[in-house]
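Coordinate inspection notes
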Amino acid sequence: MTRFVLVAGAWLGSWAWDEVVSDLRAAGHDAHALTLSGLADRQHERHDEPIGQQTHVRDIVDAVERLDLRDVVLVGHSYSGIPVGQAAERIGDRLSRVVFVDSNVPVDGESFVSGWPDGRAAVEASIAESGGFWPPLTAADFDGQGLTDEQTARIVSGSTPHPGATLTEPAELERPLGGLPATYIKCLLDWPEPSPEVAELLKGEHWRLVEMNTGHWPMFSQPHELARILLQA
């Protein structure tokens, strides 16, 4: 039996995976959707230190170890590909595979906004103006992403401000990411080509590409197809 650990992207919590988790469990597997520190039902938790990217890495590693999970498929969507990629290195032989769902991937010494030359200043300014948090998207930002009005409303109503330091702190990789067994799911409506960093990783023997004809939030727009792909990963 495979143990899936699923982490949604910026502004979202474990609730984003509800339909996917149901399909994975119906297929006889174990599935755990995580909410990262500072988000959704965890947004009011107290922390001794500011919530940064390494806080989110520890959230994932701690969950795997606390639940004593083996044969783990770690799944990271969007922003969460960055902490998931780092956590995948740190759980050792507990890992079976890591799946990046239309996500960023960690680059040692680089942050989530490092690769945003045109938008980095705007993101950082938005964080500064919002008390250290990145404000959620509005309904208009989801246009062209293959979502129904109901699905868009569900995302918007459930989103919470995202801890800004997680987006600006650099990743810390212990070894090359290309050595991990990985699947990258590219959602074509969002952008048809993987990023240069992902394209380079896909040249390696351990990485493979799967395409979905949907937008950046497939757990809402095509949850059953996404679950099917995860089961095949």
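What this report covers is the structure whose coordinates are included nearby. Keep in mind that what you see is a predicted model, and the values were worked out from it rather than measured.

Bringing the sheet that holds strand 7 (residues 182–187) into the picture now. If you trace the 6 strands from one edge of the open sheet to the other, you get 2-1-3-4-7-8, paired in parallel fashion. Two strands in the sheet have a free side with no partner beyond their single neighbour: strand 2 (30–34) and strand 8 (207–212). Averaged over all adjacent pairs, the angle separating strand axes in this sheet is 20°, with direction ignored. Across 6 bridges, the pairing between strand 3 (residues 72–77) and strand 4 (residues 95–101) is parallel. Bridge assignment links Gly-76 to a residue of strand 4, and that residue is Phe-100. Each of strand 1 (3–7), strand 3, strand 4, strand 7 and strand 8 touches helix 9 (residues 223–232); the most contacted strand, strand 8, lies at about 165° to it.

Right, let's get into helix 9. Among the residues making up helix 9, those that are buried are Pro-223, Leu-226, Ala-227, Ile-229 and Leu-230. The buried residues of helix 9 occupy an angular sector of 160° when projected down its axis, which confines them to one face.

To continue, consider the pairing of strand 1. Among the 5 residues in strand 1, 4 count as buried, and that is most of the element. By the bridge criterion, 5 bridges tie strand 1 to strand 2 in an arrangement that is parallel. Across the sheet, residue Leu-6 finds its bridge partner in strand 2, namely Ala-33. Taken together, strand 1, helix 1 (residues 18–26) and strand 2 constitute a β-α-β crossover, and its handedness is right-handed. As defined by bridge partners, strand 1 adjoins strand 3 across 5 bridges and the pair is classed as parallel. When the bridges of strand 3 are listed, Val-5 appears paired with Leu-74.

Cut-offs used in this document
Residues numbered from 1 in each chain as written. Predicted model: local features only at pLDDT ≥ 70, side-chain atom pairs only at ≥ 80, totals over all residues. Heavy atoms only, no water. Pairing = 2+ DSSP bridges. Helix = DSSP H or I, 4+ residues; strand = E, 2+ residues; numbered from the N terminus. Axes fitted to C-alpha atoms, helices over the stretch in contact; angles between N-to-C directions. Contact = heavy atoms within 4.5 Å. Buried < 20%, exposed > 50% of the residue type's maximum accessible area, 1.4 Å probe, protein only. Arc of directions from axis to C-beta. Right-handed = clockwise from strand over helix to strand, strands pointing away.

Note that all results are geometric; they support no functional claim without further evidence.
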